[in-house]
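Working through the structure, step by step
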Amino acid sequence: MALLKTEKAEAYVSGILFDKDGTLLDLHKLWTPWATSVLDQLEKKLASLGHSFTGHRDQVLGTQYDNSGRVIGYDVQGPFAIATVSESTAVLAWQLYAAGMPWNDAITYVRMISRQAMSKVKQEHAHPTPGLVPFLIKCREKGLRLGVVTADSTDTAELHLRWLGILDYFDVIIGYDQVKNSKPHPESVHVACAKLGLSPQDCAVIGDSNGDMQMAKSAESALAVGFIQSHDPFYLHDADTVITSYTQISLE
């Protein structure tokens, strides 16, 4: 057990559960190229059907653009930041269904262009968040058990962590495919803790969405730590404390 301290909160913990995208992995650098590729392909397909997006392009996933059309950010409370793989697939497929494509065909097409986009992105766009690797080393030195609870699939999460070179730091990875209820439901925390042999009260949860914070609170975790990089922390209103780098956490 170690004392996890930030400027505004502290708790004794035996384990830490991390969200993946935006918490371990730089969300913007990996998923922005993916979203750009997917939306480009979707826009072409809609044009071939004589249609366009049902609204503005930035309303499909919540990506934000400058005047030249370059992605410069995302809605921290939108699908791009929060949705599960299944939810994102459905959001994108709806555009095709609204254009007249049968639902099954729309789902199949979206899954295909999503795989193609990810094959282009690969590990050259995967980067750890600030201060992460030294912090994981400290966690290992303190004997803390570490887990990942993500809205992504378990296989994809393992792949991304392998790209980052940090897979071996984690004792358990819980994707959406291992639970019935996704965030902010506490099931992911309960499943992870059961596999770690710990109680939620022994673990801190670190994430970049308020859904992560609500999950931590519902599970009665020791501490809900919000992680942000370039956004105002207003949306993390259920966090016990908010950091912008793992250098802001000490372990004693």
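Please read these numbers as outputs of a predicted model, since none were measured by experiment.

Concerning the overall build of the chain
In terms of regular secondary structure, the chain is built from eight helices and eleven strands. Over its C-alpha atoms the chain spans a radius of gyration of 19 Å, differing by no more than 12% from the 18 Å that the globule rule assigns to 252 residues. Among the 252 residues that make up the chain, the fraction classed as buried is 52%. The long-range share in the chain, meaning contacts at least 24 apart out of those at least 6 apart in sequence, stands at 63%. Positive and negative charge centroids in the chain, built from 21 and 29 side chains respectively, lie 5 Å apart.

A short note on the sheet that holds strand S1 (residues 2-5)
Strand pairing in a sheet is mediated by backbone hydrogen bonds. Such pairs are either parallel or antiparallel. The three strands are arranged S2-S1-S11 in an open sheet whose pairing can be described as antiparallel. Where the open sheet ends on each side, the last strands, each with one partner, are strand S2 (10-13) and strand S11 (250-251). Inspection of the sheet shows S1 paired to S11 by two bridges, in the antiparallel sense. Looking at S11, one finds that lysine 5 is bridged to serine 250.

Observations regarding the packing of helix H3 (residues 85-98) against helix H4 (residues 103-121)
Contact geometry of H3 with H4 gives a least axis separation of 8 Å together with a crossing angle of 125°. The orientation of H3 with respect to H4, classified from their angle, is oblique. Here the hand of the crossing between H3 and H4 comes out right-handed. Where H3 abuts H4, its residues Thr89, Ala90, Leu92, Ala93, Trp94, Leu96 and Tyr97 lie against Trp103, Ala106, Ile107, Tyr109, Val110 and Arg111. Of the residues assigned to the contact of H3 with H4, the class counts are eleven nonpolar, one polar and one charged.

What to know about the nonpolar core
What tends to happen in soluble globular proteins is that the nonpolar side chains get buried as a cluster. Within the largest apolar cluster, 86 residues are counted, with the highest numbers of intra-cluster contacts made by Phe18, Trp34, Phe170 and Tyr246. Ignoring sequence-local partners within four residues, the contact set of tyrosine 246 consists of Phe18, Thr23, Leu24, Thr129, Pro130, Gly131, Leu132, Phe135, Ile206 and Phe227.

Description of helix H8 (residues 210-218)
Buried within H8 we find Asn210, Gly211, Asp212, Met213, Met215 and Ala216. Buried residues along H8 sit against strand S6 (145-149), helix H7 (187-196), strand S8 (203-207) and strand S9 (223-227). One or two steps after H8, the chain reaches glutamate 220, where phi turns positive at roughly 60°.

With respect to helix H6 (residues 154-164)
Taken together, the buried positions of H6 are Thr154, Ala157, His160, Leu161, Trp163 and Leu164. Structurally, H6 contributes buried residues whose contacts are with helix H1 (27-48), H4, S6 and strand S7 (172-174). Two residues or fewer after H6 comes glycine 165, characterised by a positive phi angle close to 75°.

Some words on the sheet that holds S6
Spatially, six strands are ordered S7-S6-S3-S8-S9-S10 in an open sheet, and the strand pairing comes out parallel. Only two strands of the sheet have a single partner each, and these edge strands are S7 and strand S10 (241-243). Averaged over all adjacent pairs, the angle separating strand axes in this sheet is 25°, with direction ignored. Examined bridge by bridge, S6 and S7 share three bridges and lie parallel to one another. Counted as the bridge partner of glycine 147 is valine 172 from S7. Here helix H5 (residues 132-141) sits on the sheet in contact with strand S3 (15-18), S6 and S8, set at roughly 150° to S3. Sheet strands touched by H7: S3, S6, S7 and S8. Its angle to S7, the strand with the most contacts, is close to 160°.

The rules behind the values
- Residues numbered from 1 in each chain as written.
- Predicted model: local features only at pLDDT ≥ 70, side-chain atom pairs only at ≥ 80, totals over all residues.
- Heavy atoms only, no water.
- Helix = DSSP H or I, 4+ residues; strand = E, 2+ residues; numbered from the N terminus.
- Rg over C-alpha atoms; globule rule 2.2 N^0.38 Å.
- Buried < 20%, exposed > 50% of the residue type's maximum accessible area, 1.4 Å probe, protein only.
- Contact = heavy atoms within 4.5 Å.
- Lys, Arg positive; Asp, Glu negative; His and termini not counted.
- Charge placed at Lys NZ, Arg CZ, Asp CG, Glu CD.
- Pairing = 2+ DSSP bridges.
- Axes fitted to C-alpha atoms, helices over the stretch in contact; angles between N-to-C directions.
- Parallel < 35°, antiparallel > 145°, perpendicular 65-115°, else oblique.
- Left-handed = near helix turned anticlockwise from the far one by under 90°.
- Nonpolar A, V, L, I, M, F, W, Y, C, P; charged D, E, K, R; others polar.
- Core = buried A, V, L, I, M, F, W, Y, C linked by side-chain atoms within 4.5 Å.

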